[in-house]
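For reference, the chains in residue letters:
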Amino acid sequence: MSALDPAGPRAQNLATLWWIMLAGSAVLFVLVMGLLALSYIRPEWLSRLSAAQWIVGGGLVLPLPILILLTGTALVLGEQLLPRGAAPISVEAHAERWAWRFGYPGSDLTDDGTLHIPAGEPVDVMVTTADVIHSFWVPRLGGKIDAIPGRRNVIRLEADAPGIYWGICAEYCGPGHDSMMFRVEAHPMAEYRRLREGAS
């Protein structure tokens, strides 16, 4: 269920962002530790700098290029997560303490805790809740989105290949929160169509 083991293009964006953030924070850490080590090994070098030079150099010049790179990357990759246009397939995910029910066009909500989607196709998931705030998250397929009372939020998922992907409620919602899991089953398109035709 790791977000670092992506199985779809949107999850891949998030994993890439995570690794870039880790690399950026590692670079900053090494720079700061290098300065700290230098203050012990060669204190006379650092004593030549004035307080103003430390503030401008250490507080602005040192982290600014890395922070600009990280922020720009986050904006570009994050923007690609947003649903653009209408996905050919949309489904419903309805949260109610402490279970998820799923619905498809032309059918009622199901109680089996499994969301069926076609592999290789973007799917818009309309997320709603009957009671408190929950959060819909399938770590290997995409980001997460809150289920807020009175609202319908949309998240787009896509699985590269058929398989089973586990999802959870990512927002603490009460004593049953830890068991509020579900699974997403991605089928080949022909199998998905047969499944939906058989259910209607």
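To be clear, the structure that these remarks concern was listed above.
Worth saying up front: this structure is predicted, and the values here are computed from it rather than measured. (Residues numbered from 1 in each chain as written. Predicted model: local features only at pLDDT ≥ 70, side-chain atom pairs only at ≥ 80, totals over all residues. Heavy atoms only, no water.)

Trainee: Describe the side chain of H187, listing the residues and the values that go with them.
Mentor: Within the secondary structure, H187 sits in strand β9 (residues 181-187). At 2.7 Å, the side chain of H187 forms a polar contact with the side chain of E191. Excluding its chain neighbours within four sequence positions, the residues that come into contact with H187 are H116, I117, P118, A119, P162, Y192 and L195. (Helix = DSSP H or I, 4+ residues; strand = E, 2+ residues; numbered from the N terminus. Polar contact = N/O pair within 3.5 Å; in protein donor to acceptor, adjacent residues only side chain to side chain. Contact = heavy atoms within 4.5 Å.)

Trainee: Just give me the short version of the side chain of N13, but keep the residues and values in it.
Mentor: Relative to the elements of secondary structure, N13 occurs in helix α1 (residues 9-41). Its relative accessible area of 15% is what places N13 among the buried residues. Setting aside anything within four residues of it in sequence, one finds N13 in contact with L77, Q80 and L81. (Buried < 20%, exposed > 50% of the residue type's maximum accessible area, 1.4 Å probe, protein only.)

Trainee: Provide a residue-level description of a nonpolar patch on the surface, including the pertinent values.
Mentor: A surface patch of nonpolar side chains, about 750 Å² in accessible area, is lined by F29, V30, V32, M33, L36, Y40 and I41. Among the secondary structure elements, M33 is positioned in helix α1. (Patch = residues over 30% accessible without salt bridge, like charges linked within 9 Å, V, L, I, M, F, W, Y side chains within 5 Å. Areas by Shrake-Rupley, 256 points an atom, 1.4 Å probe, with all protein chains shown as cover. Salt bridge = Lys/Arg side-chain N within 4 Å of Asp/Glu carboxyl O.)

Trainee: Could you give an account of unusual backbone geometry, naming the residues involved and the relevant values?
Mentor: A cis amide bond, omega -5°, links R97 with the succeeding residue W98. Structurally, the position occupied by W98 is in the loop between β1 (89-96) and β2 (99-103).

Trainee: Help me get a handle on the packing of α1 against helix α4 (residues 64-79), residues and values and all.
Mentor: Relative orientation of the contacting elements α1 and α4 amounts to 175°, with a least axis distance of 10 Å. In this view, α1 runs roughly antiparallel relative to α4, as classed from their interaxial angle. Packed against α1, whose contacting residues are N13, T16, L17, I20, M21, G24, V27, L28 and L31, the element α4 presents I66, L67, L70, T73, A74 and L77 at the interface. Split into classes, the residues belonging to the contact of α1 with α4 amount to 11 nonpolar, 4 polar and no charged. (Axes fitted to C-alpha atoms, helices over the stretch in contact; angles between N-to-C directions. Parallel < 35°, antiparallel > 145°, perpendicular 65-115°, else oblique. Nonpolar A, V, L, I, M, F, W, Y, C, P; charged D, E, K, R; others polar.)

Trainee: With reference to specific residues and values, describe the environment of D5.
Mentor: Along the chain, D5 turns up in the segment before α1. Between the C-alpha atoms of D5 and P139, which are 134 residues apart in sequence, the distance is 8.4 Å.

Trainee: Give a description of the sheet that holds strand β5 (residues 134-137) that names residues and reports values.
Mentor: Strand order across the open sheet formed by 5 strands is β3-β9-β8-β5-β6, with mixed pairing between neighbours. Each end of this open sheet is capped by a strand with a single partner; those strands are β3 (114-118) and β6 (144-147). Shown here is a sheet whose adjacent strand axes are inclined to one another by a mean of 25°, direction ignored. By the bridge criterion, 2 bridges tie β5 to strand β8 (residues 163-169) in an arrangement that is antiparallel. Among the inter-strand pairings, F136 is bridged to a residue of β8, identified as C169. (Pairing = 2+ DSSP bridges.)

Trainee: Go over the sheet that holds β2 with me, naming the residues and quoting the values.
Mentor: The strand order across the open sheet formed by 4 strands is β2-β1-β4-β7, and the pairing between neighbours is mixed. Pairing within the sheet leaves two strands with one partner each, and these edge strands are β2 and β7 (153-157). In this sheet, adjacent strand axes meet at a mean angle of 30° when their direction is disregarded. Across 5 bridges, the pairing between strand β4 (residues 123-129) and β7 is antiparallel. Counterpart to M126 in the pairing with β7 is V154.

Trainee: With reference to specific residues and values, describe the pairing of β3.
Mentor: Burial analysis of β3 places 5 of its 5 residues in the buried class, which makes it a mostly covered element. Judged from the 5 bridges that link them, β3 and β9 form a sheet pairing that is parallel. Within the sheet, the bridge partner assigned to H116 lies in β9 and is E185.

Trainee: Could you give an account of the nonpolar core, naming the residues involved and the relevant values?
Mentor: Core analysis: the biggest nonpolar cluster contains 30 residues, and W100, L115, V125, V127, F136 and L141 have the highest contact counts within it. Secondary structure elements with two or more residues in this core: β1, β2, β3, β4, β6, β7, β8 and β9. The element that contributes the greatest number of residues to this core is β1, accounting for 4 residues. Discounting chain neighbours no more than four positions away, the residues touching V127 are A93, W100, F136, I145, D146, A147, R151, R152, N153 and I155. (Core = buried A, V, L, I, M, F, W, Y, C linked by side-chain atoms within 4.5 Å.)

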